[in-house]
Amino acid sequence: GDSVTQMEGPVTLSEEAFLTINCTYTATGYPSLFWYVQYPGEGLQLLLKATKADDKGSNKGFEATYRKETTSFHLEKGSVQVSDSAVYFCALSRNQAGTALIFGKGTTLSVSS
Amino acid sequence: EPEVTQTPSHQVTQMGQEVILRCVPISNHLYFYWYRQILGQKVEFLVSFYNNEISEKSEIFDDQFSVERPDGSNFTLKIRSTKLEDSAMYFCASSDHGTRNTEAFFGQGTRLTVV
């Protein structure tokens, strides 16, 4: 079945460091891909998305490109801030109305000043 | 900004008891979902609901679970006879066209502890 695999955390970085969180997926057809973020004590928030191959999603300095050839959707940010400390979830959605999101296990990012 | 609200934020219940988790989705949304996250594990899909019926459910969503939209605003998840392994964070979500092309908005979650 469909699945999402994320790199294991936690990821610990200093402020202004470069961030990459790897995400690969297995799916039939052409899923949409998402990154969600969960700040401490809060629910999941959509960070960015891409709905077709070669699309780049971007938001708040974060970017991810939908790579069909490598079935990947890696999250990157050029310069992280302390406020980026959170849990990041990669997810996919199949090509059906009302369908579920399938999540990866989440990667905890901790940024220190 | 509209948001999904869930109550209670934390529920403690004895094994074997019934619990009802409540959610108020965003008012103009048409699709509603329940997910759960066991501590330290991935967020798992339970069920989706559209047009007053279940549109998709996972194998986790067995006969002890049920969902209902009792009025025009609430969306509930009932666990009939709780087990220790039901302890988890339960998230409600809603979307307007399904999650393929539009964002699913999540509530802050209800932490269920079964003792």
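Model, not experiment: these values are computed from the prediction.

Chemist: Got a sec to walk through the overall build of chain B? Specific residues and values, please.
Modeler: Across its full length, chain B holds zero helices and 11 strands. For chain B, the α and β elements follow one another from N to C terminus as β-β-β-β-β-β-β-β-β-β-β. For 115 residues, the compact-globule formula gives about 13 Å, and the C-alpha radius of gyration of chain B, at 13 Å, lands near that figure. Judged by the C-alpha coordinates and their principal axes, chain B covers about 40 × 25 × 25 Å. Here chain B holds 115 residues, and the buried ones make up 47% of them. Considering only residue pairs separated by 6 or more positions, chain B has 53% of its internal contacts joining residues 24 or more positions apart.

Chemist: I'd like to hear about the environment of Gln108(B), residue by residue, with values.
Modeler: Tracing the backbone through its elements, the reader meets Gln108(B) in the loop between β10 (105-106) and β11 (110-114). In this structure the C-alpha to C-alpha distance between Gln108(B) and Val4(B), which are 104 residues apart in sequence, comes to 7.8 Å. For Gln108(B), the residues in contact, after removing those within four places along its chain, are Gly41(A), Glu42(A), Gly43(A), Gln6(B), Met89(B) and Phe91(B).

Chemist: Please provide a residue-by-residue account of the packing of aromatic side chains, values included.
Modeler: For any two aromatic rings, the description comes down to two numbers: the centre-to-centre distance and the angle of the planes. Enumeration according to the criterion identifies 17 aromatic pairs over all chains in this entry. For the pair Phe62(A) and Tyr88(A), a centre-to-centre distance of 5.6 Å together with 40 degrees between the ring planes defines the contact as tilted. Here Tyr88(A) lies in strand β10 (residues 86-93) and Phe62(A) lies in strand β8 (residues 62-65), a separation of 26 residues in the sequence. Tyr88(A) matches Phe62(A) in its accessibility class, with the two residues each being buried. Ring geometry for Tyr33(B) versus Tyr35(B): centroids 6.3 Å apart, planes at 35 degrees, classification tilted. Of the two residues, Tyr33(B) and Tyr35(B), neither departs from the other in class, the shared state being buried. Aromatic rings pair up to connect Phe34(A), Tyr36(A), Phe89(A), Phe103(A), Tyr33(B), Tyr35(B), Phe45(B), Phe91(B) and Phe106(B) into one cluster.

Chemist: Give me the interface of chain A and chain B: which residues, what numbers.
Modeler: Taken together, the contact pairs 27 residues of chain A with 23 residues of chain B. In total, chain A and chain B occlude about 1,900 Å² of area from one another, counting both sides; carbon and sulfur atoms represent 49% of this. Seen at the junction of chain A and chain B, the total is zero salt bridges. Listed by contribution, the elements that provide at least two residues to the side of chain A that touches chain B are β5 (32-38), β6 (44-50), β10 and β11 (101-103) of chain A. In terms of residue count, the dominant contributor to the side of chain A that touches chain B is β5(A) (four residues).

Chemist: I'd like a description of the state of the cysteines, backed by residues and values.
Modeler: Using the criterion set out here, one finds two disulfides over all chains in the structure. Note that Cys23(A) is cross-linked by a disulfide to Cys90(A), the S-S spacing being 1.9 Å. Looking down the S-S bond of the Cys23(A) and Cys90(A) bridge, the torsion is -70 degrees, so its handedness is left-handed. A residue pair is termed long-range when its members are at least 10 positions apart, and Cys23(A) in strand β4 (residues 23-26) and Cys90(A) in strand β10 qualify at 67 residues. Look at Cys23(A) and you get buried, because its relative accessible area is 1%. One disulfide bridge connects Cys23(B) with Cys92(B), the sulfur atoms lying 1.9 Å from each other. Residues Cys23(B) and Cys92(B) are joined through a disulfide that is left-handed, its torsion about the S-S bond being -65 degrees. Of the two residues, Cys23(B) sits in strand β3 (residues 19-24) while Cys92(B) sits in strand β9 (residues 88-95), which places them 69 residues apart along the sequence. For the residue pair Cys23(B) and Cys92(B), the accessibility class agrees, reading buried in each case.

Chemist: So what's going on with the sheet that holds strand β8 (residues 75-79) of chain B? Residues and values would help.
Modeler: Residue and element names in this part refer to chain B. Spatially, β1-β3-β8-β7 is the arrangement adopted by the four strands of the open sheet, whose pairing is antiparallel. The strands lining the two open edges of the sheet, one partner per strand, are β1 (5-7) and β7 (65-68). The mean inter-strand angle of the sheet, taken between neighbouring strand axes irrespective of direction, is 20 degrees. Where β1 meets β3, three bridges bridge the pair, whose relative direction is antiparallel. Across the sheet, residue Thr-5 finds its bridge partner in β3, namely Val-24.

Chemist: I'd like a rundown of unusual backbone geometry, residues and numbers included.
Modeler: All names here are of chain A. The peptide bond linking Gly-9 to Pro-10 adopts the cis configuration, its omega dihedral lying at -5 degrees. Locating Pro-10 in the fold gives a position in the loop between β1 (3-6) and β2 (11-14). Here Asp-54, not a glycine, exhibits a phi torsion of approximately 75 degrees, which is positive. When you line up the elements, Asp-54 lands in the loop between β6 and β7 (56-59).

Cut-offs applied
- Residues numbered from 1 in each chain as written.
- Chains lettered and ligands numbered in written order.
- Predicted model: local features only at pLDDT ≥ 70, side-chain atom pairs only at ≥ 80, totals over all residues.
- Heavy atoms only, no water.
- Helix = DSSP H or I, 4+ residues; strand = E, 2+ residues; numbered from the N terminus.
- Rg over C-alpha atoms; globule rule 2.2 N^0.38 Å.
- Buried < 20%, exposed > 50% of the residue type's maximum accessible area, 1.4 Å probe, protein only.
- Contact = heavy atoms within 4.5 Å.
- Phe/Tyr/Trp six-rings, centres within 6.5 Å; stacked < 30°, edge-to-face > 60°.
- Buried area = accessible area lost by both parts, 1.4 Å probe.
- Salt bridge = Lys/Arg side-chain N within 4 Å of Asp/Glu carboxyl O.
- Disulfide = S-S within 2.5 Å.
- Pairing = 2+ DSSP bridges.
- Axes fitted to C-alpha atoms, helices over the stretch in contact; angles between N-to-C directions.

Note that every value here comes from positions in space, so none of it alone points to a role or purpose.
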